[in-house]
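The chain contents come next:
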Amino acid sequence: MRVALGGITHEANSFCPHVTDLADFEARQLLRGDDILRNWRATRTEQAGMLSVLTTSPGCEAVPTFLARALSGAPMQQATLNTLLGELLARIEAAHPLDGVLLVLHGAMMSDREPDATGYVLSRVRALVGPDVPIVGTLDLHANVTQRMVREATALIGYHTAPHVDMYEAGQKAAQVLL
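Fair warning: this is a prediction, and the values are worked out from it, not measured in the lab. Throughout, a residue's number is its position along its own chain's written sequence, starting from 1. Totals for whole chains, interfaces and linings use all residues, but because this is a predicted model, local features are given only for residues with pLDDT of at least 70 and pairs of side-chain atoms are given and counted only at 80 or more. The side-chain values count all of the structure's non-hydrogen atoms but skip hydrogen atoms and water molecules.

K.L.:
Please explain helix α3 (residues 78-94) as it appears in this structure.
P.N.:
A run of DSSP states H or I qualifies as a helix once it reaches four residues; a run of E qualifies as a strand once it reaches two. Both are numbered from the N-terminal end. Between the first and last residue of a helix there are one fewer steps than residues, each counted as 1.5 Å, and that sum is the expected span. Over its 17 residues, α3 runs 24 Å from end to end, which matches the ideal 24 Å to within 8%, given 1.5 Å per residue. Only heavy atoms matter for contacts: two residues are in contact if any of them lie within 4.5 Å across the pair. Tucked inside the fold, the buried residues of α3 contact β1 (2-9), α1 (22-28), β2 (29-32), β3 (61-69), β4 (100-104) and α4 (117-129).

So, in structure tokens, the structure goes:
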């Protein structure tokens, strides 16, 4: 079973004066391909939880694609969203054939033109992989869950704690649900 692993995560706050751009993601985290796999055992992140399940499940192959994170800030520029999503989609497409997709999301991502950027990401991934490939995403506990997100994902798994001390467990649950 080949499972793509990737995501784009950002929490938008419309009161912030600085528009989130690509530099904000570069300053926080941009991981491509095998870089997602480096040092994952030393973290308590969603992707580490996902990998802990995938790497111990017989017949599973984790296919790392693209993972971008920025700190909370103003909605991102649409061009930034397009750039990040373009790379995620290209890497998922290059990973075909796939039996599933695990996405690290946040659930409160916005761009200056797309108020439901998380739903937009999910819809574009769904269009790429088709209706029969499960897509499971992780969300912050105060995500803005939309009908679009629910329609496009097979399942959405949220954290339960603030501060977020259960991201790893949410990632594990996401992988278990996908499998």
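K.L.:
Looking at this structure, how should I read the pattern of salt bridges?
P.N.:
Between Lys or Arg on one side and Asp or Glu on the other, a salt bridge is scored when a side-chain nitrogen of the former is within 4 Å of a carboxyl oxygen of the latter. With the rule as written, the count across this model stands at eight salt bridges. In this structure, Glu-87 and Arg-91 form a salt bridge, with 3.0 Å as the shortest nitrogen-oxygen distance. Of this pair, Glu-87 and Arg-91 are both found in helix α3, four residues apart, which corresponds to roughly one turn of the helix. A cluster of three or more residues bridged by salt bridges with shared partners is formed by Arg-32, Glu-87 and Arg-91.

K.L.:
What exactly am I supposed to notice about the sheet that holds strand β5 (residues 135-139) here?
P.N.:
In any sheet, the strands associate via hydrogen bonds between backbone groups, in a parallel or an antiparallel arrangement. Paired strands, as defined in this entry, are two strands with at least two bridges between them according to DSSP. Read from one edge of the open sheet, six strands run β2-β3-β1-β4-β5-β6, paired in mixed fashion. Looking at strand neighbours, the two that pair on one side only are β2 and β6 (155-158), the edges of this open sheet. Taken over all neighbouring pairs, the strand axes of this sheet differ in orientation by 20° on average, direction set aside. Pairing between β1 and β3: seven bridges, direction parallel. Along β3, the bridge assignment pairs Arg-2 with Glu-61. Orientation is described by lines fitted to C-alpha atoms, with helices fitted over the stretch in contact, and by angles between N-to-C directions that extend from 0 to 180 degrees. Packed onto the sheet, helix α2 (residues 46-54) meets β1, β2, β3, β4 and β5 and runs at close to 155° relative to β4.

K.L.:
Would you mind going over the pairing of β4 with me for this structure?
P.N.:
One face of the sheet, then the other: side chains in a regular strand alternate in exactly this way. Between buried and exposed lies partly exposed: a residue is buried under 20% and exposed over 50% of the maximum accessible area for its type, with that area taken using a 1.4 Å probe on protein chains only. With respect to burial, β4 is a largely interior element, five of its five residues being buried. Of the two faces of β4, the one lined by Gly-100, Leu-102 and Val-104 and the one lined by Val-101 and Leu-103 are each fully buried. In this sheet, β5 lies alongside β4 in parallel orientation, the contact comprising four bridges. For Val-104, the partnering residue across the bridge sits in β5 and is Thr-138. The crossover handedness rule: strands pointing away from the viewer, path from first strand over the helix to second strand clockwise, crossover right-handed. The parallel pair β4 and β5 is bridged by α4, and the resulting crossover is right-handed.

Any link to function would need more than the numbers given here.
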